[in-house]
Amino acid sequence: MRASLYLSFCLCLTFGYGQKHKNDLVNGTFENVSLDVIFDSLSTQTNYFFSYNSDLLPKGSLYTISAENTPIDQFLSQLLIGTGLKYSFYKDQIILNYEPPEKVVTRRKNFFTISGTVYDETGQPLNNANVFLDGTTIGISSDIDGNYKLESIPPGYYDIVFSHVGYENAVYQVTEYNGGARIRNHQMEIDMGQLEEVEVVSNRIQRSDNSWQSHYRTFKEELLGQSENALQCVIENPEVLNFVYDDGSNTLRAYTQHPLQIRNDALGYRISYFLESFKKQEGDLRFRGKIRFRNLEPLNGRERREWRRNRKGGYEGSFNHFKNALLNNELRKEGFRIYRLKNLKKFELNKGSEISESDIIVFKGDHYELDFKNYLIVEYKKEKESMAFLNQSESVGIIYGHLINDEGMLVKNQGDQISILRLLKNSVRLDLNGEIIDRFGLTTYGYWSWERTADLVPINYDPKFDNL
């Protein structure tokens, strides 16, 4: 519908193209009002009336602007910044149309670089420091002079990570859409936590203890997941892990001073996982870390094709796939359906509550805002649930708890993959590539929360251009 409206507007505007209307002046102050209210006031002040589809206006946005003898075209140019709306004059009409976000992104397809020098605590160059963009394949180690350079970075929003054994990790946010070069120098700080190890070593579980193996199995299962891909993943340096277990609260914590090296033979990646925290207490699991991906070298063409196929399968139906389809207004085309849900305890897939992209995403010019109330059910119809997922009642209990019998078994056949989103803020910002700016602004349940590190592909992965 939006495309057809845009086309019809263009046809109408060809008759009035090039006309100038700089003699009509606007006066007044508008404070926290919607666009339609401002347009009504402008129509009253001038000889123009506005022609537009109300669905094009940003939902829920309020605007504050003032004018004193300001030409109406200047006023509109300022007012509509960041809305994606464009105006044109035709006789006594001001016609508004919407420029699709895809056009904005296309104009900004400029790659950029980040370079700089890494120093130690004394100000001397530090070699062999890990410098990478979190969740991507873009990374490098600093050279003997402490220099690094990250090249061919697609436009977007990233966390650049500096890491070195013995020093505290540092993370900086980088946003760039116009291309060019950025310089980011960094001086590493000694990790004081290592100096405290001796004091707490008695609280730790030693690797010679049989319980270390038990806790390691729990940790590995939670970090990598229990999917088919997880079965083909190996943590190559488990000896760097330390565990602390509190028997009274049944709480397991894990930490390490070294990045975990994970080989994923299902997707063809070597993952450096910089663990920041891991805590499991009863049914509550929380962990986070920074991830650097590297491509493994396939043994032959067959393995290369298998990895590409598995990567594409890991991407399809994932949260990243959902975000890309959402921004491109292609949810249904890509196999997704979305529904409103008021109460998670009363989960039910009500087909009558299906909504569309425009109900939850708003384009703000230089970013998007994800905005919905309560919960959002996301159904992916192009792939069935894994039996491994269904066989784990702990993972499915939130959405299929009513289908678990007295013996704790799930009574359900394989169906479409179901995930649930909940915002932890009023709205969550996404950059033009769909990456979440407010990283801790939402949480997931269901299939997306079951898939873990073993099922991840880099955020810069493109199924059409896999550089394997």
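One numbering rule holds for all chains: residues counted from 1, following each sequence as written. For a predicted model such as this one, the threshold for reporting local features is a pLDDT of at least 70, and the threshold for listing and counting side-chain atom pairs is 80 or more; totals across whole chains, interfaces and linings nevertheless cover every residue. Heavy atoms throughout the structure, all of them, feed into the side-chain values; hydrogens and water do not.

**Student:** Sorry, what's going on with the packing of helix 2 (residues 35-45) against helix 3 (residues 72-79) here?
**Tutor:** Packed helix pairs are specified by the crossing angle of their axes together with the interaxial distance, meaning the distance between the axes. Between helix 2 and helix 3, the shortest axis-to-axis distance is 13 Å and the interhelical angle comes to 180°. Relative to helix 3, the element helix 2 lies roughly antiparallel. Two secondary-structure elements touch here, helix 2 through L35, I38, F39 and L42 and helix 3 through F75, L76 and L79. Here the residues of the contact of helix 2 with helix 3 are counted per class, giving 7 nonpolar, no polar and no charged. Lines fitted to the C-alpha atoms define the axes, with helices restricted to the stretch that makes contact. Angles between their N-to-C directions range from 0 to 180 degrees. Segments assigned H or I by DSSP are reported as helices when at least four residues long, segments assigned E as strands when at least two residues long, and all are numbered from the N terminus. The scheme is simple: roughly parallel for angles under 35 degrees, roughly antiparallel for over 145, roughly perpendicular for 65 to 115, oblique for anything else. Here a residue-residue contact requires only that any non-hydrogen atoms of the pair lie within 4.5 Å. Classification convention: Asp, Glu, Lys, Arg as charged; Ala, Val, Leu, Ile, Met, Phe, Trp, Tyr, Cys, Pro as nonpolar; all other residues, Gly among them, as polar.

**Student:** Would you explain helix 8 (residues 301-315) in this entry?
**Tutor:** Helical geometry: 3.6 residues make up each α-helical turn, so side chains three or four residues apart lie on a common side. Here, expected helix span is obtained from the residue count minus one, scaled by 1.5 Å. The first and last C-alpha atoms of helix 8 sit 21 Å apart over 15 residues, in line with the 21 Å expected at 1.5 Å per residue. Turning to helix 8, its buried residues number three or more, namely E303, W307, R311, G314 and Y315. Taken around the axis of helix 8, the buried residues stretch over an arc of 105°, which confines them to a single face. Set apart from the buried face of helix 8 by more than 90 degrees, the exposed residues are R302, R305 and R309. Close packing links the buried residues of helix 8 with strand 18 (269-281), strand 19 (284-295) and helix 9 (319-327). After helix 8 finishes, the residue G317 shows a positive phi value of roughly 90°. Three exposure classes are used, based on accessible area relative to the maximum for each residue type with a 1.4 Å probe and protein chains only: buried under 20%, partly exposed in between, and exposed over 50%. Note that the arc is defined by the directions from the helix axis to the C-beta atoms.

**Student:** Can you walk me through the packing of aromatic side chains in this structure?
**Tutor:** For any pair of aromatic rings, the description consists of the separation of the ring centres together with the inter-plane angle of the planes. Aromatic pairing here means that ring centres of Phe, Tyr or Trp (its six-membered ring) are within 6.5 Å. Orientation follows from the plane angle: under 30 degrees is stacked, over 60 is edge-to-face, and everything else is tilted. Evaluation of the coordinates by the stated rule reveals 26 aromatic pairs. Between F30 and F75, the aromatic rings sit 6.1 Å apart at their centres with planes inclined by 55°, giving tilted as the arrangement. Of this pair, F30 sits in strand 1 (residues 25-33) while F75 sits in helix 3, placing them 45 residues apart in sequence. Residue F75 is classed as buried on the basis of its relative accessible area of 1%. Put simply, the rings of W212, Y216, F219, F243, F278 and F287 pair up and form one aromatic cluster. Whether a charge sits over a ring comes down to the Lys NZ or Arg CZ being within 6 Å of the ring centre and within 35 degrees of the ring normal. Over the ring of Y172 we find R184, and its NZ or CZ is 3.8 Å from the ring centre.

**Student:** Would you mind showing me how to read the sheet that holds strand 24 (residues 375-384) here?
**Tutor:** The antiparallel open sheet is built from 5 strands, whose spatial order is 21-20-24-25-27. At either end of the open sheet lies a strand with only one pairing partner, and these are strand 21 (354-355) and strand 27 (442-446). Strands were regarded as paired on the criterion that DSSP finds at least two bridges between them. Taken together, the 7 bridges between strand 24 and strand 25 (residues 416-423) define a ladder with antiparallel strand orientation. Looking across to strand 25, one finds that E379 is bridged to I418.

**Student:** Could you clarify how one ought to interpret the pattern of salt bridges in this entry?
**Tutor:** Pairing between side chains of opposite charge can happen when the charged atoms of each approach one another. Any carboxyl oxygen of Asp or Glu within 4 Å of a side-chain nitrogen of Lys or Arg constitutes a salt bridge here. Here the structure, examined in full by the defined rule, presents 21 salt bridges. When the shortest N-O distance is used, the salt bridge between R311 and D466 registers 2.9 Å. Note that R311 is positioned in helix 8 and D466 in the segment after helix 12 (447-450), a separation of 155 residues in sequence. What makes D466 buried here is its relative accessible area of 15%. Across the salt bridge formed by E435 and K323, the nearest N and O atoms sit 3.7 Å from each other. Placement of E435 in the loop between strand 26 (428-430) and strand 27 and of K323 in helix 9 is noted, with a sequence separation of 112 residues between them. Each member of the pair, E435 together with K323, is buried. If you follow the salt bridges from partner to partner, you end up with E379, K381, K384 and D416 in one network.

**Student:** Sorry, what's going on with the nonpolar core here?
**Tutor:** Note that soluble globular proteins tend to have their nonpolar side chains buried in a common cluster. By convention a nonpolar core is built from buried Ala, Val, Leu, Ile, Met, Phe, Trp, Tyr and Cys residues, the set being connected through side-chain atoms within 4.5 Å. If you look at the biggest cluster of nonpolar residues, it comprises 51 residues, and the most contacted ones within it are I38, F39, F75, L79, F322, L370 and L376. Tallying contributions element by element places helix 9 first for this core, with 5 residues. Other than its neighbours up to four places away in sequence, L376 contacts F322, I338, Y339, I355, I360, S419, I420 and L421.

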